[in-house]
Amino acid sequence: MSQLPTISHWIDGRSTSGGQRLQEVFNPATGKAEKQVLLADKATVEQAIASAQAAYPAWRATPPLKRARVMSNLKVLLEQHAEELCALVTAEHGKVLADALGELQRGIENVEYASYAPELLKGEHSKNVGPAIDSWSEFQALGVTAGITPFNFPVMVPLWMWPMAVACGNTFVLKPSERDPSSALRVAELALQAGLPPGVLNVVQGDKESVDTLLTDPRVKAVSFVGSTPIAEYVYATGCAAGKRVQALGGAKNHAVVMPDADVANAVSAMMGAAFGSCGERCMAVPLIVAVGDTTADAMIAGLKAEIARMKVGPGTDPANDMGPLVTRPHFEKVRAYVDRGVAEGATLLVDGRGVKVPGHEEGYFLGPCLFDHVKPGMTIYQEEIFGPVLGIVRVQTLQQAMDLINTHEYGNGTCIFTRDGEAARYFTDNILVGMVGVNVPLPVPVAYHSFGGWKRSLFGDLHAYGPDAVRFYTKRKTITQRWPSAGVREGAVFSFPSNR
Ligand code: NAD
């Protein structure tokens, strides 16, 4: 293990070692450990927090426009280094390069939005709220903030968090996923180059020990988390108990309703990307189709089988491939076991990706696309998040039955409806208990100037990620009421509650 290149932390604007534990980082396409990552101990995380704390007063006092200019510079640097960053993502996550570029672009849009922070931080002002009294609200930074991110968007999800946090005047400690830690680290180096002062952004590599330190250290005022629901719930409870502001985005099981009047060809091609893009490792992936009517289900199946037959599975570095490997061997085994379970529980496996072989990459974590019919609500493959290239069809007879399924599912991240009927679409968007909804749009991921978040057990906390909600999450409102009495005017004491009576 010691021969492998080591990925370390980024503290105070430089690469820093810290912690004794090392974990291998695998290339999922080859199954080989190509790097190792240091796992921070408590003292290393505390060092990062101390760096962020020390950088805070000067950064908070920096005019917002100057902070915003760093974001503008960073946007340019990210564009210039796109190829390098995407290569890092593909080498550690496995996704195809075009998909890595897509996530980087979405991340850059968040940096771009953060560069509007001076406009977004403008407060509210009211003149003459009383005689010669003016009042205003302003939005002040919190101090040291932190982010904990998942493996599946290693470059984008960190960019959902820290650019807006620092543009609002906070400093930040980021803990990326230990499974694909390099791209977030490289972005931190580019941020220094863009003009971000040392200490404003720190990156600690690590696992539970790092997370627990961030959740309990009193210097950390707010924590953003994105990952699986059990950990999101833990992070929310632990962080809140320690008096922090917490937003914790969790897992998903997104359903696509296909109505009898839908444009089936469009729905099929939309579903191919939604189910199998990034090997299904997206929280907005759509692993379930709820087909209204058997004719709809049969038409979708015919179209999907034809498209699946054309799909190319292989290393993400080859632009000919549509789908790369799963992220790690344990995850690969877990997803394959879900397929076994689906068969055992009685769903009909129409396309079986378990036997897929990629010549020259026999040790890679490749699973071909899988398609199930007759998935039923009681089945494990219906209830649980699989996070792999496994698409199931549930057959119902009415839109209301489809919506009842979605509304009673524990997750409520994303959903969509394919239809030509405006009335049905309007009823669906109005009454569905899900945070992000698409109409003929399979992955309704909000753009950077809206906010991202699910309902039910897909999000713990009140504010969604990025966009306008992030400005509120990373700031505290302060309301000031000010009076400058005219010279010589003296009033007696008033004991009733002040009002404009
Ligand atoms: P994960 O929950 O395993 O890990 C997320 C982060 O938590 C990582 O940084 C990890 O190091 C840390 N962590 C893991 N175990 C921990 C523990 N016991 N205590 C403290 N910290 C711990 O998630 P993942 O496998 O990296 O990512 C996939 C999951 O993330 C899926 O469930 C997916 O739906 C979800 N996700 C959600 C969204 C969203 O916006 N809702 C976006 C992307 C991914």
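Predicted model only: the values in this text are computed from it and were never measured.

Peer 1: Please explain the domain arrangement of the protein as it appears in this structure.
Peer 2: Often, the extent of an interface is quoted as the loss of accessible area on bringing the components together. By the assigned domains, the protein splits into domain 1 (6–250 + 458–479) and domain 2 (255–439). Using only C-alpha atoms to locate each centre, domain 1 and domain 2 end up separated by 31 Å. Across the contact, 19 residues belong to domain 1 and 24 residues belong to domain 2. Counting each side, the surface lost to burial between domain 1 and domain 2 is near 1,800 Å², with a carbon and sulfur contribution of 60%. Looking at the side of domain 1 facing domain 2, the largest losses of area belong to Ala29, Val96 and Ser458, adding up to 26% of the total buried there. One can count one salt bridge joining domain 1 with domain 2. Between Arg282 and Asp99 there is a salt bridge, with the nearest N and O atoms lying 2.8 Å from each other. Run the count over domain 1 and domain 2 and you get eight residue pairs in polar contact (both at pLDDT 80 or more). Listing elements by their share of the side of domain 1 that touches domain 2, those giving two or more residues are α3 (82–93) and α4 (97–114).

Peer 1: Which parts of the structure should I look at to understand the nonpolar core?
Peer 2: Most often, soluble globular proteins have nonpolar side chains that are buried together. Counting residues in each nonpolar core, the largest one holds 67 residues, and the members touching the most others are Met71, Leu78, Trp160, Trp162, Phe172, Leu196 and Phe452. Of the residues forming this core, the biggest block, ten residues, is contributed by helix α6 (residues 156–167). Here this core spans two domains, and each of domain 1 (6–250 + 458–479) and domain 2 (255–439) adds at least three residues to it. Not counting the four nearest positions on each side in its chain, Met71 is found in contact with Val111, Ala114, Ser115, Trp162, Pro163, Val166, Ala167 and Leu196. In terms of nonpolar packing, the next biggest core, distinct from the first, is built from 65 residues, Val335, Phe366, Ala402 and Leu405 among them.

Peer 1: Sorry, what's going on with the pattern of salt bridges here?
Peer 2: Side chains bearing opposite charge may pair, as long as their charged atoms lie close to each other. Per the counting criterion, the structure on display carries 26 salt bridges. Arg186 is the salt-bridge partner of Glu84, the closest N and O atoms lying 2.4 Å from each other. Taken together, the residues Glu84 in helix α3 and Arg186 in helix α7 (residues 182–194) connect sequence positions 102 residues apart. Residue Arg186 is classed as buried on the basis of its relative accessible area, which comes to 19%.

Peer 1: Can you walk me through the site of the ligand in this structure?
Peer 2: As a structural note, the neighbourhood of the ligand is formed by 27 residues, with Glu178, Arg179, Ser228, Gly250 and Glu385 the closest of them. In this structure, Lys175 approaches the ligand through a side-chain N or O atom, which is 2.9 Å from an oxygen atom. Measuring from an oxygen atom of the ligand, one finds a side-chain N or O atom of Glu178 at 2.7 Å. In the complex, the protein chains occlude 89% of the 840 Å² of accessible area that the ligand would expose alone. Contributions of two or more residues to the shell around the ligand are made by α8 (208–216) and β11 (220–226). Taken together, the residues of the shell around the ligand break down into 14 nonpolar, eight polar and five charged. Here the shell around the ligand spans two domains, and each of domain 1 (6–250 + 458–479) and domain 2 (255–439) adds at least three residues to it.

Peer 1: What is the right way to read the side chain of Asn202 from this model?
Peer 2: You can see Asn202 is positioned in strand β10 (residues 201–203). A polar side-chain atom of Asn202 sits 2.9 Å from the main-chain amide nitrogen of Asp12. Excluding its chain neighbours within four sequence positions, the residues that come into contact with Asn202 are Trp10, Ile11, Asp12, Ala48, Ser51, Ala52, Phe172, Val173 and Leu174.

Peer 1: Would you mind going over the side chain of Asn321 with me for this structure?
Peer 2: Within the fold, Asn321 resides in the loop between α11 (294–310) and α12 (329–344). Each residue touching Asn321, except ones within four places of it in the same chain, is listed here: Val96, Lys312, Val313, Gly314 and Pro315.

Peer 1: Which parts of the structure should I look at to understand the packing of helix α14 (residues 399–408) against helix α15 (residues 422–431)?
Peer 2: Packed helices, taken two at a time, are described by the angle their axes make and the gap between the axes. The interhelical angle for the contact between α14 and α15, taken along N-to-C directions, is 20°, at an axis separation of 11 Å. Considering their axes alone, α14 and α15 lie roughly parallel with respect to each other. Like other packed secondary-structure pairs, α14 and α15 cross with a definite hand, here right-handed. On α15, the residues touching Leu399, Gln400, Met403, Ile406 and Asn407 of α14 are Ala424, Tyr427, Phe428 and Asn431. Of the residues that constitute the contact of α14 with α15, the class distribution is six nonpolar, three polar and no charged.

The rules we used
- Residues numbered from 1 in each chain as written.
- Predicted model: local features only at pLDDT ≥ 70, side-chain atom pairs only at ≥ 80, totals over all residues.
- Heavy atoms only, no water.
- Domains from an automatic or database assignment.
- Contact = heavy atoms within 4.5 Å.
- Buried area = accessible area lost by both parts, 1.4 Å probe.
- Salt bridge = Lys/Arg side-chain N within 4 Å of Asp/Glu carboxyl O.
- Polar contact = N/O pair within 3.5 Å; in protein donor to acceptor, adjacent residues only side chain to side chain.
- Helix = DSSP H or I, 4+ residues; strand = E, 2+ residues; numbered from the N terminus.
- Core = buried A, V, L, I, M, F, W, Y, C linked by side-chain atoms within 4.5 Å.
- Buried < 20%, exposed > 50% of the residue type's maximum accessible area, 1.4 Å probe, protein only.
- Near = heavy atom within 4 Å.
- Areas by Shrake-Rupley, 256 points an atom, 1.4 Å probe, with all protein chains shown as cover.
- Nonpolar A, V, L, I, M, F, W, Y, C, P; charged D, E, K, R; others polar.
- Axes fitted to C-alpha atoms, helices over the stretch in contact; angles between N-to-C directions.
- Parallel < 35°, antiparallel > 145°, perpendicular 65-115°, else oblique.
- Left-handed = near helix turned anticlockwise from the far one by under 90°.

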